[in-house]
Amino acid sequence: MSSTYQNILRQTDFNPPAAWLQIKTIDMHTGGEPLRVIVSGFPELKGSSVLDYRRYCKENYDHLRMTLMFEPRGHADMYGCILVPPNDEEGDFGILFLHNEGYSTMCGHAIIAIATLAVEMNWIEVNEGDNQLKIDAPCGRITAFVLVKNGKVTGVRFHCVPSFVVGLERTVEVQGLGKVTYDLAYGGAFYVYVDMEKNSFNFELSSDSYRSLISAGMNIKKAVMQEDPEILHPFEEDLSFLYGTIFIGNSDKPEIDSKNVCIFAEGEVDRCPTGSGVSGRMAIHKARNEIDFGESMTIESITGSVFKGSVVSEEYYGPFMAVVPQVEGTAHITGQHTFCIDPNDPMKNGFVLR
């Protein structure tokens with residue numbers, strides 16, 4: 001055996017110079033959608049609320065968002081989160097969501113994943129049955145329930161913030177698509193919901209139409225942003241923006257009720273059914289009397305993963321009659337990283353190719 005190969009076997013850790021920033025993460029996925037959980041090394045964020053931390057991060061450390069989300073450490077569809085203090089003593093922790101465009105207001109797949117991780121890491125006292133977590137997202141407090149059976153996490157359900165319909169059966173002219181009929185709703189983030197059966201498109205809700213879905217989703221989002229003045233959160237200006245387009249269609253599987261494909265941020269394709277998107281759908285279906293208390297819907301993603309959605313309650317939220325939706329899914333840990341950032345690396349802030 002050569003001495004070089006013996007050295008390889010002995011020395012498997014790289015010790016970076018003191019000047020290099022090191023950021024540790026635990027990587028996960030929920031229904032195929034990635035989540036990079038930053039657990040240490042990220043500079044301290046200042047503020048007194050989750051929205052304060054979000055603004056501070058955007059103004060001071062946005063280059064680190066790009067470093068961790070973009071290539072070569074990530075990719076165009078990467079997603080991540082930073083854990084921060086809760087808004088008050090009743091909360092367990094706060095969370096910021098990161099992606100290729102910036103910082104979202106709500107993310108259901110991240111809630112499912114981080115709640116799973118909180119149990120796996122023993123960040124909370126873990127018991128058999130439901131383990132409750134109060135998580136402060138930019139959109140408000142999310143209550144998650146992690147089900148543990150025989151010491152193992154078997155699933156997570158969460159109650160989203162009040163979710164409401166802004167408008168149904170609206171139309172907009174979209175370049176390359178013509179007149180598009182859509183619904184506009186909020187489930188912690190604002191989405192345009194486009195029913196495939198109400199529109200004539202030359203693509204399907206499958207991975208074969210990946211590029212077409214991105215193009216159409218982004219064009220619809222841009223057209224609605226230009227034409228629709230009602231993308232306004234009733235309480236927070238920071239939440240008043242359109243996050244994505246969700247195409248709705250039928251599943252090929254008879255046991256599945258529906259299918260979602262979400263195009264969000266700067267052309268990201270959600271691999272899971274989109275937890276905040278399912279939350280908004282529950283508001284739409286309740287408004288149309290298509291779902292009632294005690295009923296649920298199974299919604300499939302482009303990868304075939306499934307979330308279950310239901311309606312817990314109704315309440316007024318500003319001028320809207322809103323629902324409190326429940327979304328259920330599962331998440332898994334995929335690995336751990338210590339990312340080293342060489343200050344002399346010309347690509348230290350990352351890049352994106354699609």
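Looking up the protein chain in an unreviewed UniProt entry gives the name Proline racemase, with the organism given as Maribacter algarum.

Turning to unusual backbone geometry, a few remarks are in order. Note that the residue after Glu71, namely Pro72, is joined by a cis bond; omega there is 5°. If you trace the backbone, Pro72 turns up in the loop between helix H3 (62–69) and strand E3 (80–84). Look at Asn289: it is not a glycine, yet its phi comes out positive at around 60°. Tracing the backbone through its elements, the reader meets Asn289 in the loop between helix H6 (275–287) and strand E15 (296–300).

What follows covers the nonpolar core. Formed by 92 residues in total, the largest nonpolar core has its most connected members in Ile111, Leu133, Ile142, Phe158 and Phe247. Among the elements that take part in this core, helix H4 (residues 108–120) stands out by supplying nine residues, more than any other. Residue-level mapping places this core at the junction of two domains, with at least three residues from each of domain 1 (17–159 + 333–341) and domain 2 (163–330). Filtering out sequence-adjacent residues up to four positions away, Ile111 remains in contact with Ile95, Phe97, Met106, Ile135, Ile142, Ala144 and Phe158. Counting 20 residues, the second-largest nonpolar core is a separate cluster that includes Ile38, Leu45, Met78 and Tyr103.

Regarding H3, the residues found buried are Leu64, Arg65, Thr67, Leu68 and Met69. Where H3 is buried, its residues touch strand E1 (21–30), strand E2 (33–40), E3, strand E4 (93–98), strand E5 (103–104) and strand E18 (331–341).

Attention now goes to the pairing of strand E13 (residues 258–264). The buried fraction of E13 is high, at seven of seven residues. Here E13 shows no split at all, with Ser258, Asn260, Cys262 and Phe264 on one side and Lys259, Val261 and Ile263 on the other all buried. One ladder, built from two bridges, connects E13 with E15; its direction is parallel. What sits directly across from Lys259, in E15, is Glu300.

The rules behind these values
Residues numbered from 1 in each chain as written. Predicted model: local features only at pLDDT ≥ 70, side-chain atom pairs only at ≥ 80, totals over all residues. Heavy atoms only, no water. Helix = DSSP H or I, 4+ residues; strand = E, 2+ residues; numbered from the N terminus. Core = buried A, V, L, I, M, F, W, Y, C linked by side-chain atoms within 4.5 Å. Buried < 20%, exposed > 50% of the residue type's maximum accessible area, 1.4 Å probe, protein only. Domains from an automatic or database assignment. Contact = heavy atoms within 4.5 Å. Pairing = 2+ DSSP bridges.

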